[in-house]
Amino acid sequence: MRFDRRELAGAVADVGVLVPIAVALIVANGLSPTAVLLPAALLYLVNAFQYGLPLPAQPLKAFGAIAIAESLGAEEIAAGALLIGAIFFTAGRLGLLDLAARVFPQALIRGIQLTVGLLFLQIAWGLVNEPPEAFAGYALEPAWGIPIGLTVLAVALAFKRAGISLLLVAAGAIVMLFLAADEASLGPSALTVPSLDAAAFATAFTVLVLPQAPLSFANSCLAPADAARVYFGERAAPVRPGSLATTYGVANLFAGSISGMPVCHGAGGLTAHYSFGARTAGAPLVMGTALLVLAVGAGAGLAALLPAFPLPILAALLAAAGVLHIGLLRDLSGAWSWALALAVGAVGFALNLMWALALGLAAWWIASAFRWARRREAEATA
C-alpha cells in the first residue's frame, strides 16, 4: 500500500459521482446519512483487501436516478438493493458472469465505456446548468457555475498528475464547512431495518432492478475487469467479472438490510482513481476509512453539510473522469471495431445500455458468421 500525495489525490478523485447521488438520496428520499455512506465505506475497504487495487465504490447510477426522480421511499430502495444484491451474488458465485464475459468482444466493452463516459459528461453538465434541488440554497446560478466548472475542469485535466484533485476536494470541503458548519452535528444518524412487503419488492423489481441490471452487468462487472487489465496488467488477475459480481452482491445485500445506498464497482470510478494518481490499495483504504469516519462520526449532520459542497468542483471531477474514461477507446484497431464501439456508445447513451448490448452482440456475431462463411468458401475453392 502507498499513502503519498498522488495516492491520496487518486483516492478522492471519484467524489463527483458519490456526493450528488448521496445528497439527493438523503435530502429527497429520506435515507439515513449514516446508512447512505456505510455501504460505500465498507465496499472500499473490501476492495482494498480483496483486490489490492484502487477499485471504486459508487452509487448505482440508474437505480439512484430513478429512485430520486420517482420519489421512492426507503422501503422500495432497500427492496431493490436486496434483489439486485441477491441476483449478482448468485451469478458471481455460480461463475455465470465469467462465462458471459467470454462472448463479449473488446469493441463492445469499449462501447460500454464510451456510454459511461458520455453519461458522466451529461451528469456533470446538469450539475452546473440545472443544479439539483437537493443543493438548493448553495448552488450557483448557471451564469457563474458553468464558467467556474469549465475552468476547474481544465485545471483538473492539466494538472491531474500533480495531485490537483486532492487540492480541489480540500478546497470544496473548506467552502462546505464555512457555509454550513453551524448546522452540522456529530454522531451517527439512526439506522433502521426496512419493513418490506410484496408490494415493495414488486415495485423495486420493475422500476429499479430491471433498468439497473444490464448497466451493472456491463459497467460494474465486465468493464471494470477490462479497465483493470488495461491499467494494471497482471496485477489485475483477481479482478474478474465473477468476483466483482460477488462483492457487489454482498455490498448491496448489506445496503438493503440497513435501508442504505446501493453501491457498485463502476469502471468510470476506476479511471478516475487511476488517472489522478492511485496505484495501490492505499487509495480505497483511505477513502473507505474516511467515509466510515464520516458515517459514524458525523452522520447526524451530513444532511446539512453535504449540500454545501461546491457543485462546480463535483462537476469538474466527474467530467474529467468521463473524458479520461472515453480515452480507453484509443487501443481499438480497425474500422469495424471502431464502428461497433461508437455505435454501442451512441445507442447506450441515447436509449439505454440493454439495447446497446443486444444490438452490439447481434452485429458482432452476424459479422463473425459472415467472415467464417467466407473463409470456408475460400478454403473450399483453394
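Before reading on, note that the structure itself is shown above.
Reading guide: rules and limits
Residues numbered from 1 in each chain as written. Predicted model: local features only at pLDDT ≥ 70, side-chain atom pairs only at ≥ 80, totals over all residues. Heavy atoms only, no water. Patch = residues over 30% accessible without salt bridge, like charges linked within 9 Å, V, L, I, M, F, W, Y side chains within 5 Å. Areas by Shrake-Rupley, 256 points an atom, 1.4 Å probe, with all protein chains shown as cover. Salt bridge = Lys/Arg side-chain N within 4 Å of Asp/Glu carboxyl O. Helix = DSSP H or I, 4+ residues; strand = E, 2+ residues; numbered from the N terminus. Core = buried A, V, L, I, M, F, W, Y, C linked by side-chain atoms within 4.5 Å. Buried < 20%, exposed > 50% of the residue type's maximum accessible area, 1.4 Å probe, protein only. Contact = heavy atoms within 4.5 Å. 1 Å grid on protein atoms, 1.4 Å probe; cavity = no way out; pocket = protein on both sides within 12 Å on 5 of 7 lines; lining within 4 Å. Points joined across faces, edges and corners; volume = space filled by probe spheres on them. Nonpolar A, V, L, I, M, F, W, Y, C, P; charged D, E, K, R; others polar. Phe/Tyr/Trp six-rings, centres within 6.5 Å; stacked < 30°, edge-to-face > 60°. Axes fitted to C-alpha atoms, helices over the stretch in contact; angles between N-to-C directions. Parallel < 35°, antiparallel > 145°, perpendicular 65-115°, else oblique. Expected span 1.5 Å × (residues − 1).

Enquirer: What is the right way to read a nonpolar patch on the surface from this model?
Expert: Judged by side-chain polarity, Leu351, Met354, Trp355 and Leu359 come together as a nonpolar surface patch covering roughly 460 Å² of accessible area. Summarising the element assignment, leucine 351 is placed in the loop between helix 16 (335-350) and helix 17 (353-381).

Enquirer: Would you mind going over the nonpolar core with me for this structure?
Expert: Note that soluble globular proteins tend to have their nonpolar side chains buried in a common cluster. The biggest cluster of nonpolar side chains holds 101 residues, and the ones touching the most others in it are Met261, Leu291 and Leu314. If you tally residues by element for this core, the top one is helix 15 (residues 311-326), at 11 residues. Setting aside anything within four residues of it in sequence, one finds leucine 291 in contact with Leu18, Leu37, Ala40, Ala41 and Tyr44. Among the nonpolar cores identified, the runner-up in size contains 14 residues, and Leu55, Ala228, Ala236 and Leu328 belong to it.

Enquirer: For this particular structure, what's the right way to read the pattern of salt bridges?
Expert: As a working rule, side chains carrying opposite charge can pair if their charged atoms are close by. Evaluation of the coordinates by the stated rule reveals six salt bridges. For arginine 110, the salt bridge is made with aspartate 331, and the minimal N-O distance between the two is 2.8 Å. Pair noted here: arginine 110 is in helix 7 (residues 106-129) and aspartate 331 is in the loop between helix 15 and helix 16, with a separation of 221 residues, a long-range link. In this structure arginine 110 comes out as buried when scored by relative accessible area, which is 0%.

Enquirer: I tried to follow empty space enclosed by the protein on my own but got confused; where do I start?
Expert: Remark: the empty space left among the atoms is shown by a probe the size of a water molecule rolled over them. Applying the stated criterion across every chain yields a total of one cavity of 30 Å³ or more. Considered as a void within the structure, the largest cavity measures approximately 30 Å³ in volume. What lines the largest cavity is Leu127, Val128, Pro131, Ala139, Leu140, Gly145, Leu311 and Pro312. Secondary-structure elements contributing two or more residues to the lining of the largest cavity are helix 7 and helix 15. Broken down by class, the residue content of the lining of the largest cavity amounts to seven nonpolar, one polar and no charged.

Enquirer: What am I meant to see in the packing of aromatic side chains here?
Expert: Ring pairs (aromatic) are described by centroid distance and by the angle formed between their planes. All told, the structure shown has six aromatic pairs when counted by the stated rule. Relative to tyrosine 274, the ring of tyrosine 231 lies with its centre 4.2 Å away and its plane at 15°, an arrangement referred to as stacked. Of this pair, tyrosine 231 sits in helix 10 (residues 198-232) while tyrosine 274 sits in helix 12 (residues 267-275), and the two are 43 residues apart along the sequence. With respect to class, tyrosine 231 is no different from tyrosine 274; both count as buried. Between phenylalanine 232 and tyrosine 274 the ring centres are 5.4 Å apart and the planes differ by 90°, which places this aromatic pair in the edge-to-face class. Separated by 42 residues along the polypeptide, phenylalanine 232 in helix 10 and tyrosine 274 in helix 12 bring together distant segments of the chain. A relative accessible area of 19% means that tyrosine 274 is categorised as buried.

Enquirer: Sorry if this is basic, but what is going on with the packing of helix 10 against helix 12 here?
Expert: For any two helices packed against each other, one specifies the crossing angle of their axes together with the interaxial distance. With their axes 8 Å apart at the nearest point, helix 10 and helix 12 run at an angle of 25° to one another. Viewed along their axes, helix 10 and helix 12 adopt a mutual orientation that is roughly parallel. Contact with helix 10, carried on its side by Asn219, Ala223, Pro224, Ala227, Ala228, Tyr231 and Phe232, involves Ala267, Gly268, Leu270, Thr271 and Tyr274 of helix 12 and no other residues of that element. Looking at the contact of helix 10 with helix 12 residue by residue, the classes come out as nine nonpolar, three polar and no charged.

Enquirer: What should I look at first to understand unusual backbone geometry in this one?
Expert: The phi angle of most residues is negative, glycine excepted, and most peptide bonds adopt the trans form. One non-glycine residue, serine 71, adopts positive backbone phi at about 55°. Relative to the helices and strands, serine 71 is located in the loop between helix 4 (61-69) and helix 5 (74-93). The phi dihedral of serine 259 is positive, around 55°, even though this residue is not glycine.

Enquirer: Is there a simple way to explain helix 11 (residues 241-257) in this structure?
Expert: Given 3.6 residues per helical turn, the α-helix brings residues three or four places apart onto the same face. Taking 1.5 Å as the rise per residue, helix 11 with 17 residues should run 24 Å; its terminal C-alpha atoms sit 24 Å apart, in good agreement. Helix 11 sits mainly inside the fold: 13 of its 17 residues count as buried.

Enquirer: I keep staring at the layout of surface pockets and nothing clicks. Help me out?
Expert: As a volume, the largest pocket reaches approximately 850 Å³. As for the largest pocket, its lining consists of 34 residues, and the residues nearest its centre are Lys61, Ala62, Ala65, Ile66 and Ile123. Those elements giving two or more residues to the lining of the largest pocket turn out to be helix 2 (15-27), helix 4, helix 7, helix 10, helix 16 and helix 17. Ranked by residue count, the leading element in the lining of the largest pocket is helix 7, at eight residues. Around the second largest pocket, the lining is made up of 20 residues, and of these Val15, Val169, Met287, Leu291 and Leu294 lie nearest the centre. Element by element, the count of residues in the lining of the second largest pocket is highest for helix 13 (residues 282-298), at six residues.

Enquirer: I would appreciate a short explanation of the side chain of threonine 34 in the present structure.
Expert: Counting through the fold element by element, threonine 34 comes out in helix 3 (residues 33-50). If we skip the residues at most four places from it in the chain, threonine 34 touches Pro188, Ser189, Leu191, Ala295 and Gly299.

Function-wise, these values are silent; they only describe arrangement.
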